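Understanding the architecture of this molecule
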Amino acid sequence: MNAAAPIRFQVDRQAIEARLREILPPGAIYVDAEELRPWECDGLTAYRRLPLIVALPETEQQVCAILRACHELGVPVVPRGAATGLSGGAMPHERGVLLGLAKLKRILRIDAAARTAVVQPGVRNLAISEAAAAHGLYYAPDPSSQIACTIGGNVAENSGGVHCLKYGLTVHNVLRARCATIGGEIVEIGSAALDAAGLDILALLNGSEGNLLVVTEVTVRLTPKPELAQVVLASFDDVTRAGDAVANIIAAGIIPAGLEMMDKAAVHAVEPFVKAGYDVAAAALLLCESDGTPEEVAEEIERMRAVLEASGATQVRVSRDEAERLRFWAGRKAAFPAVGRITPDYLCMDGTIPRKRLGEMLTAIADMERRYGLRCANVFHAGDGNLHPLIMYDAARPGDIERATAFGAEILELSVALGGSITGEHGVGVEKIGQMCAQFAPAEIAAFHAVKAAFDGGGLLNPGKTVPAVARCREYRLANRQQGAAP
């Protein structure tokens, strides 16, 4: 499936290719169609487009030189890390340079005393924890793709993970970033100290999806490894009761290290794949983790057990050792590949709703499955209300991708209606750009464009992504008012 037509730029391909060859060594530039094919999409494979050129710098100086050349020649630039993103944020521009940052993969230093690590943007998320392990430290945000995703991409999407409820998203764990502007100038944002002077540009950078600056170095916060961690695995015979249990845990003043939910369809996909020991008869499962000292964990586990049982759990199990804890989590983290084994294609949506409305959303999704004639498995970062419905379809079957896309759009718009958001951690990219009009008024969209213009007046960084045209949102709201449905 092709995305909407990209913004048009008048680009002299020969001129930009010649400039790039002055900057990069042989083998670091791809221009032939077959060489470009592997770069046509990110993790959202429903949207594909060949770039004009792929450039693979190895140093910050090369990154700046490439950006200067593109700025001078009016050439769009799409930054890309490991391309594990799921919203099309790293999909190329057909008249632009795809700027691959995977070769900037050095861990520059680890300061155990300050509990920080300074890394380049191509460093894998999990590699930070592996390098810090010798100091009894780790990097807390843990997306399911952490074995492959890069820290630069994590900053671009403000990635989360199963432990973000207690330890925060990327924005809460990044202290400083070194970035290049579209003009090739280096700026430093944030500070290794607890606070930095001026406006909080660092928070703006996290989740900006490559639209403002290109990250070349990141300083992250490291967290001490807990003495002990245990997981409570609770079964429910009703998804609404499982959703209510999530709200009840938080209402009881408990902030678990992780609080995840899977429905029956997700469990049935995962269990044969991972053999995590899940209850396949359950309508929904909750995974609730406690970490800290042995005494803290023992107390919190008992409190969670009491809340879960009072909320209607039909079975409550506590991991007996570290191997079982990791096995419980392996099932949840393998949900995406597990679903990929049972369907030719799927769309992974990413909305956020208030915790107390999880059951209401699951009931609505079940109704959508019947109306669209497509299956949907659901996994949730339940503690913060972040939904990941996996809508299964077959791209080879006529009409399937259109129905899957409409199904996903309805989930996102219902998320807004329930008091939530169209995205939690996957970003907007090209996938959700239409639903931005459900979330924000035209005046707000105009303000986003003004912020973009302050950093990138020519609109060259990742154009056509994240923020729709103001006119499009006016048309969206007018159409919905005519139907009596717009806010």
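A short tour of the structure in this document, coming up. (Residues numbered from 1 in each chain as written. Predicted model: local features only at pLDDT ≥ 70, side-chain atom pairs only at ≥ 80, totals over all residues. Heavy atoms only, no water.)

For the rest of this paragraph, the subject is the overall build of the chain. Of the regular secondary structure elements, the chain holds 17 helices and 19 strands. A globule of 487 residues ought to have a C-alpha radius of gyration of about 23 Å, and the chain, at 23 Å, matches this closely. Taken over the C-alpha atoms alone, the chain extends approximately 65 × 60 × 45 Å along its principal axes. Sequence separation of 24 or more characterises 72% of the internal contacts of the chain that already satisfy a separation of 6 or more. As presented, the chain carries roughly 19500 Å² of accessible surface, and 53% of it is formed by carbon and sulfur atoms. Within the chain, one finds 48 positive and 57 negative side-chain charges whose respective centroids are separated by 3 Å. (Helix = DSSP H or I, 4+ residues; strand = E, 2+ residues; numbered from the N terminus. Rg over C-alpha atoms; globule rule 2.2 N^0.38 Å. Contact = heavy atoms within 4.5 Å. Areas by Shrake-Rupley, 256 points an atom, 1.4 Å probe, with all protein chains shown as cover. Lys, Arg positive; Asp, Glu negative; His and termini not counted. Charge placed at Lys NZ, Arg CZ, Asp CG, Glu CD.)

Here we come to the nonpolar core. Membership of the largest hydrophobic core comes to 60 residues, with the highest contact counts inside it found for Met 261, Leu 286, Leu 308, Ile 391 and Phe 407. Broken down by element, the residue count for this core peaks at seven residues, all from helix α13 (residues 358-372). With near-sequence residues (within four places) excluded, Ile 391 lies in contact with Asp 345, Tyr 346, Leu 347, Met 349, Leu 374, Arg 375, Cys 376, Ala 404, Phe 407, Gly 408 and Ile 411. Counting residues in each nonpolar core, the second largest holds 28 residues, with Val 31, Ala 180, Ile 182 and Val 214 among its members. (Core = buried A, V, L, I, M, F, W, Y, C linked by side-chain atoms within 4.5 Å. Buried < 20%, exposed > 50% of the residue type's maximum accessible area, 1.4 Å probe, protein only.)

Strand order in the open sheet formed by five strands is β5-β6-β10-β8-β9, with antiparallel pairing between adjacent strands. A single partner strand is all that each edge strand has here, and the edge strands are β5 (107-111) and β9 (186-190). For this sheet, the mean angle separating the axes of adjacent strands, direction not counted, is 15°. The pairing of strand β8 (residues 174-180) with strand β10 (residues 214-221) spans six bridges and is antiparallel. Its bridge partner lying in β10, Ala 177 is registered against Val 218. Sheet contacts for helix α4 (residues 125-132): β5, β6 (116-119) and β10; angle to β5, the most-contacted strand, approximately 45°. (Pairing = 2+ DSSP bridges. Axes fitted to C-alpha atoms, helices over the stretch in contact; angles between N-to-C directions.)

Most of strand β12 (residues 228-236) is tucked away, with seven of its nine residues classed as buried. Two strands pair when backbone bridges link them, and β12 and strand β14 (residues 284-292) are joined in this way by nine bridges, in the antiparallel orientation. Looking across to β14, one finds that Ala 229 is bridged to Asp 291.

The next point concerns the pattern of salt bridges. All chains considered together, the criterion is met by 29 salt bridges. The salt bridge involving Glu 17 is made with Arg 21; its shortest N-O contact spans 3.1 Å. Of this pair, Glu 17 and Arg 21 both sit in helix α1 (residues 13-23), four residues apart, roughly one helical turn. The partner of Lys 452 in a salt bridge is Asp 456, and the shortest N-O contact between them spans 2.7 Å. Assigned by exposure class, Lys 452 and Asp 456 land together as buried. Each member of the salt-bridge network shares a partner with another, and the members are Glu 60, Arg 176, Arg 178, Glu 188 and Glu 217. (Salt bridge = Lys/Arg side-chain N within 4 Å of Asp/Glu carboxyl O.)

Once that is clear, we can look at the side chain of Asn 206. With respect to the helices and strands, Asn 206 occurs in the loop between α7 (201-205) and β10. Setting aside residues no more than four positions away along its own chain, Asn 206 makes contact with Val 155, Asn 158, Thr 170, Val 171 and Val 174.

Looking now at the packing of aromatic side chains. Tallied over the entire structure, the rule returns four aromatic pairs. Both rings, one in Tyr 30 and one in Trp 39, keep their centres 6.1 Å apart while their planes meet at 45°; by these two values the pair is tilted. A relative accessible area of 23% places Tyr 30 in the partly exposed class. Here Trp 39 falls in the buried class, since its relative accessible area comes to 17%. (Phe/Tyr/Trp six-rings, centres within 6.5 Å; stacked < 30°, edge-to-face > 60°.)

This part covers unusual backbone geometry. The phi dihedral of Arg 115 falls on the positive side, at around 55°, and the residue is not glycine. Take Arg 115: it is sitting in the loop between β5 and β6. Using a relative accessible area of 43% as the deciding quantity, one classes Arg 115 as partly exposed. Here the phi dihedral of Asn 158 falls at roughly 50°; this positive angle occurs in a residue that is not glycine.

Our focus in this paragraph is the pairing of β14. Among the nine residues of β14, nine are classified as buried, and the element is accordingly described as predominantly covered. Burial along β14 is two-sided: the face carrying Ala 284, Leu 286, Cys 288, Ser 290 and Gly 292 and the face carrying Leu 285, Leu 287, Glu 289 and Asp 291 are both buried. In this structure, strand β13 (residues 258-263) lies alongside β14, joined through six bridges in antiparallel fashion. Note on β14: the bridge partner recorded for Met 262 is Leu 285.

These figures come from the coordinates and say nothing about function on their own.
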